[in-house]
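Descriptive analysis of the structure
Residue strings, one per chain:
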Amino acid sequence: MEYKSGSFSTDPRVEVLATFVADPVVAILRYWFHEFGYEAEFLPTSYGQLFPRLLIRNEPFQASDIHVVLFAVRDLIPQGERANVAEHIHPNVVEFVNVLTSGVATRGGIWIVVRCLDPVAHISEEALEAFNQQAEYIAAHLPTLAQTTYLDATNLGATYQIASFFDDHTDERAHIPYTDAYYTAIGTSVFRAIRSRLGQVYKLIVTDCDGTLWDGVCGEMEPEQLSILPHFKWLHAWLQQKKMAGMLLAICSRNNADDVEAVFAQRNDLDLALTDFTAHRINWKEKAENIQDLARELKIALDSIIFLDNDPVQRNKVRATLPHVLVPELPAEPIAWPSYLEQVWAFDTFWVTEEGRRRTSLYREHADREHVRSRSSSFAEFLKELGLQVSMTPATEKDIPRLFELVNRVTQFNANGIRIKESDIAELILTEQGEWLAVRVEDRFGNYGLVGAMACRYETDCWTIGSLLLSCRALGRGVEHQMVRLLGQRALSKSIGTLRFEVAQTSRNSPAVEFFKRLSLSEPDLHAGWFQLDAVRAASLSHDDALPTPDSADQSATGADGHPRPNGPMGSIPQGESERILAATISVQDIPALYRKAQSLGDRAQPGINSAHIAPHTETEQRMMAIFQDLLGHDHIGVDEEFFDVGGHSLLAMRLLSRIKDAFDVDLPIRLMFMQRLTIANLAGIVETSFTTEENTAEIDTIKHTLDSFSDKELAELFGNLEAHEDSQG
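Nothing here was measured: the structure is a model prediction, and the numbers come from that model. (Residues numbered from 1 in each chain as written. Predicted model: local features only at pLDDT ≥ 70, side-chain atom pairs only at ≥ 80, totals over all residues. Heavy atoms only, no water.)

**Section: the nonpolar core**
- One finds Trp-32, Leu-70, Val-190, Trp-214 and Trp-436 to be the most contacted residues of the largest nonpolar core, which totals 100 residues.
- For this core, the element with the most residues is helix α8 (residues 180–198), which contributes 9 residues.
- Excluding anything up to four places from it in sequence, Trp-214 contacts Cys-209, Leu-226, Ser-227, Ile-228, Phe-232, Val-260, Val-263, Phe-264 and Leu-270.
- Counting residues in hydrophobic clusters, the runner-up holds 42 residues, among them Val-441, Met-483, Ala-512 and Ala-538. (Core = buried A, V, L, I, M, F, W, Y, C linked by side-chain atoms within 4.5 Å. Buried < 20%, exposed > 50% of the residue type's maximum accessible area, 1.4 Å probe, protein only. Helix = DSSP H or I, 4+ residues; strand = E, 2+ residues; numbered from the N terminus. Contact = heavy atoms within 4.5 Å.)

Below, the structure written as C-alpha cells:
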C-alpha cells in the first residue's frame, strides 16, 4: 500500500463527469478553487463520456483526487421510454448506480454525486414524478462509503435566488440544458461540499444570548417578557441541526448566570435547552477572553470556532483580539439571518458519522472527567479513579467510515500528518501484509468509542506504523502509551523485534511529535520521517514514561506562545480562509456577477487582439456588445473582433446564439458559427437584416390579406385604375 499526502495540501486534480454538457460548472469550480488559493488541475472529459470514464481501471488516482458526477434522470432514460418508467426502476438507472459504485470502490478520492433538475420541456408531470422515484433509488443505493457525498441540486432556486433554470434553445441544439445562473449555483454547491470535506473544519459555535437567542435583556426583564419571534425560533432549530450534525454549541454572554439559566428553565417556547450547550461562559469578562477559555476547556483550536453575536461592537472586538475566530457579519435585521447563515460555508456539514452525532454528549463526559482530574492529587490517582479501559483489535469493514473520519479530522495526535483515501483503508484491512488496529476506550463515565487507530505494514523482522492517530478527547490520559504498549506486546507475540513509526512534524501535530521525543533516548530523525522503537521497550511502556506536560492540551488550542495556531488542518489551508468564507457569503448574493467573474478567469476572457477598439455605432451593435461583454466577462472588445479571438469558445458560442434569440427574437442557425466571422458588427448586421426581412414580409402579408378581402369587381377596378395611371405616366 502506498501512503498519499494530504488532500487539499497541494493543488488537487478534479474530474467532472456529467450526463449533459458541464463545462460551465468546471468554470465555476475553477473560480472557487482560485479564490481559496488553489489552481486545481481539471482532467479533460469529453461530453458523453460519463460511463466510459467511470469504468476506467488502469489510470492512477490519488487521495487528493476529486470526482464530481452530475446527472439528470432524464438523460439516463431514452426519450421514447420516459413515459413508462413510473412502475419500475429503469435498467439504465440500475446500471448507472452499479458503474458508479464500482468507480468509487476502485478509483479512490473524494466523490460528489449531484442530482440536477430535469429540464421540463416536453416532459409531463407524471414523467417528472417518475423521475423523482428513479432519483430516490439512486440516492438510496449509492455507495455508503464516507468518501461519497450526495447532493440534491433540484432545490437551489431559493438559496441562490434563481428565477430561470432552463435554456431550451441550447438544450435542443447542444445539450446545454441550464441557464448561466443555475450552472453557477450547481458549481458553487459542489465546491461547498468539497470545501467542507477538505478545507478548514469548524467544530464549535459560540453564541451570545440577549438579542441573539431572544429579543430583550434577560437581566432587565422577566423571562416571560422576552420576545422569541419566528426568526429566533428558526435560529434555535438551526443550531439544533448543527449539533445533530456533530458541531458543538457553547454560550458566551455578558450576563448574570442566574438570569440566563432562568430563561432556559422557564421559557417552554425556547427550542434549546441549556444541556444542548457543551459549555458556557456567562459573566462580565470580555467575550474574547471567554472564548479563549472555552477553547482551552474543550481543547479546540481557535481557528475551529465560529462566534455569533447580534452586537457589531462585540463582533469587532472579538475579530480584533482573536483574528482566527470566524465572526459572521449578522444582518442588522434578524429576519434576514436565515438566508444569510445558510450561505456561510463554515457551517456546512455534508457527512456525519455516528461519533459525530454523539459529540456533544462525549464532550460533556469529558468535562466530568476533567472535574475528577482537578481534584486528583496525582496523575496515577486520576487514572485509577477513571477506571480507564483500552482495547485494541483489528479493524473491520464496518469501522472504515470512522477510520476515515479520524484520518481526516485528527490533526494534533497524528504522527505523520497524512490523509489516506478510504479505498486504501479498506485495502489494508483486507490484505495479509498489514492491518488497521482500532483502539476503543471506556471508563466509569462512559464509552469514548473508536478514538484511536494505527495502520501497520508487516515485514519479516519489522513492523511499520504508517499512521498513528488519537482523538484529542482521549489525549493526555495515558491512552497513547497503552496503544504503543499493546502494539509492542502484539509484535513480540509474532516474534517481531522492531517497531518503525512514521513521524513528521506539521504545524498542528506537536503533541504527537513531543510524545515520541519523550520516548526516545536520542532525538528522533524527523527529517527522515521515522522513529524506531524496540518492541521489548514498547511492550513494557507505561504512562509514567512520558507524562504529558500540564498545559500541553491547552497549548494545542492556541500555541505555546499563547497565539492562535496557523489556520487549517495540517497547515494545508491558506491563511485567511475565514475571510474567504465571509467574502464568498457576499459573492453568492449576486449570481450573475459571480458567473461573469468565473468567465473572466483563465483563457476564457483574454483582452481583445486590436489595440484600438472600434466602438459600436448603432443601437443594435451596442446591445450586441453588452451580450459579448456579459458572456466573456470583460469589456475589451471591438465591434470587428472575432468572438473566438477574444476568449470565446464553441459552448459560449451556443450561449451567444441563445442570448441573441432572447434579446432580438431572431433564431440564428448553428451553421452561422462556421460560415461567418462572429463579430459584433456582422451579427448586428444579420439581426438588422432579419428585422428588415420580417418587416417586408409583414407588409406583404398585410397587402395580401387586404387584396383577399376585395371582390373581383373591386380588383378589376383597382388594377384598371393602376393601368390607367401607368399609361398617363408613360
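**Let's talk about the sheet that holds strand β5 (residues 148–152)**
- Strand order in the open sheet made by the 5 strands is β2-β1-β3-β4-β5, with parallel pairing throughout. Only two strands of the sheet have a single neighbouring strand rather than two, namely β2 (41–42) and β5.
- Where strand β1 (residues 13–18) and β2 come together, 2 bridges link them in parallel fashion. Paired with Arg-13 across the two strands is Glu-41, which belongs to β2.
- Running at roughly 165° to strand β4 (residues 110–115), helix α5 (residues 125–141) makes contact with β3 (66–71), β4 and β5 of the sheet. (Pairing = 2+ DSSP bridges. Axes fitted to C-alpha atoms, helices over the stretch in contact; angles between N-to-C directions.)

**Quick look at the environment of Asp-65**
- As for its placement among the helices and strands, Asp-65 is situated in the loop between α2 (50–54) and β3.
- Along the sequence, Asp-65 and Gly-108 sit 43 residues apart, while their C-alpha atoms lie 7.6 Å from each other.
- Among residues more than four places away in sequence, those in contact with Asp-65 are Arg-13, Gly-109 and Ile-110.
- In this structure the side chain of Asp-65 is engaged in a polar contact, spanning 2.8 Å, whose partner is the side chain of Arg-13. (Polar contact = N/O pair within 3.5 Å; in protein donor to acceptor, adjacent residues only side chain to side chain.)

**A look at the pattern of salt bridges**
- Per the counting criterion, the structure on display carries 25 salt bridges.
- Between Glu-435 and Arg-490 there is a salt bridge, with the nearest N and O atoms lying 3.1 Å from each other. Remark: Arg-490 occurs in helix α19 (residues 479–493) and Glu-435 occurs in strand β11 (residues 434–443); sequence separation between them is 55 residues.
- Glu-435 gets classed as buried once you look at its relative accessible area, which sits at 13%.
- Across the salt bridge formed by Glu-514 and Lys-517, the nearest N and O atoms sit 3.8 Å from each other. With Glu-514 and Lys-517 both in helix α20 (residues 510–519), this residue pair falls 3 residues apart, about one helical turn.
- Residues joined in a network through salt bridges with shared partners are Asp-180, Arg-596, Asp-630 and Arg-659. (Salt bridge = Lys/Arg side-chain N within 4 Å of Asp/Glu carboxyl O.)

**Details of helix α9 (residues 230–244)**
- For α9, built from 15 residues, the straight-helix expectation of 21 Å at 1.5 Å per residue is met to within 8% by its first-to-last C-alpha distance of 21 Å.
- Of the residues trailing α9, Gly-246 is marked for its positive phi of about 110°. (Expected span 1.5 Å × (residues − 1).)

**Section: the packing of α8 against helix α24 (residues 591–599)**
- It is at 9 Å that the axes of α8 and α24 come closest, and there the two elements cross at 75°. Relative to α24, the element α8 lies roughly perpendicular. Listed contacts from α24 to Asp-180, Ala-181, Thr-184 and Thr-188 of α8 are Ile-591, Leu-594 and Tyr-595.
- For the contact of α8 with α24, the per-class residue count stands at 4 nonpolar, 2 polar and 1 charged. (Parallel < 35°, antiparallel > 145°, perpendicular 65-115°, else oblique. Nonpolar A, V, L, I, M, F, W, Y, C, P; charged D, E, K, R; others polar.)

**Focus on the packing of aromatic side chains**
- Counted according to the given criterion, the structure contains 29 aromatic pairs.
- Ring geometry for Trp-32 against Trp-345: centres 4.8 Å apart, planes inclined by 70°, an arrangement best described as edge-to-face. Of the two residues, Trp-32 sits in helix α1 (residues 23–35) while Trp-345 sits in the loop between α13 (337–341) and α14 (354–357), which places them 313 residues apart along the sequence. Like Trp-32, the residue Trp-345 is buried in the burial classification. (Phe/Tyr/Trp six-rings, centres within 6.5 Å; stacked < 30°, edge-to-face > 60°.)

**Comments concerning helix α10 (residues 257–266)**
- Listed in full, the buried residues belonging to α10 are Val-260, Ala-262, Val-263 and Phe-264.
- Here the buried face of α10 lies against β7 (248–254) and β8 (279–283).

**Concerning the side chain of Arg-315**
- Along the chain, Arg-315 falls in helix α12 (residues 312–321).
- Apart from residues no more than four positions distant in its own chain, Arg-315 is found in contact with Asp-309, Asn-310, Val-327, Pro-328, Glu-329 and Leu-330.

**A few points about unusual backbone geometry**
- The phi dihedral of Gln-161 falls on the positive side, at around 55°, and the residue is not glycine.
- Within the element layout of this structure, Gln-161 appears in the loop between α6 (157–160) and α7 (168–174).
- On the basis of relative accessible area, Gln-161 is assigned to the exposed category, the value being 66%.
- We note that Asp-665 has phi near 55°; this positive angle belongs to a residue other than glycine.

**Points about the sheet that holds strand β9 (residues 305–308)**
- In space, the 4 strands of this open sheet follow the order β8-β7-β6-β9, with parallel pairing throughout. What marks the edges here is a single partner per strand, and that holds for β8 and β9. For this sheet the average axis-to-axis angle between neighbouring strands, irrespective of direction, equals 15°.
- Here β7 runs beside β8; their pairing, made up of 5 bridges, is parallel. Across the sheet, Ile-251 pairs through a bridge with His-280, a residue of β8.

**Examining the side chain of Asp-210**
- Turning to its location among the elements, Asp-210 is positioned in the loop between β6 (204–207) and α9.
- The side chain of Asp-210 is buried and forms no salt bridge, while Lys-287, the nearest opposite charge, is found at 8.2 Å.
- Here the side chain of Asp-210 touches Asn-255 through a polar contact of 2.8 Å, side chain to side chain. (Lys, Arg positive; Asp, Glu negative; His and termini not counted.)

**Notes on the environment of Phe-644**
- By the element assignment, Phe-644 lies in the loop between α25 (619–632) and α26 (650–664).
- Taking the C-alpha atoms as reference points, Phe-644 and Arg-677, separated by 33 residues in sequence, lie 9.2 Å from one another.

**With respect to the confidence of the model for the protein**
- Averaged over the protein, the pLDDT score is 80; the fraction of residues at 70 or greater is 80%.
- Contacts for the low-pLDDT stretch residues 545–575, under 50 throughout, to residues beyond four places or in other chains number 80 contacts.
- For residues 724–730, every residue scores under 50 in pLDDT, and the model assigns this stretch 0 contacts once sequence neighbours within four places are set aside. (pLDDT = per-residue confidence, 0-100.)

**Describing the pairing of strand β14 (residues 498–502)**
- Here β14 shows one buried face, formed by Leu-499 and Phe-501, and one open face, formed by Thr-498, Arg-500 and Glu-502.
- With 4 bridges joining them, strand β13 (residues 462–470) and β14 adopt parallel strand pairing. Each residue of the ladder has a partner; that of Cys-462, found in β14, is Thr-498.
- Following the backbone out of β13, through α19 and into the adjacent parallel β14, one traces a crossover that is right-handed.
- As judged from the 5 bridges shared by β14 and strand β15 (residues 530–534), these two strands associate in the antiparallel manner. Within β15, the residue paired with Leu-499 across the bridge is Leu-533. (Right-handed = clockwise from strand over helix to strand, strands pointing away.)

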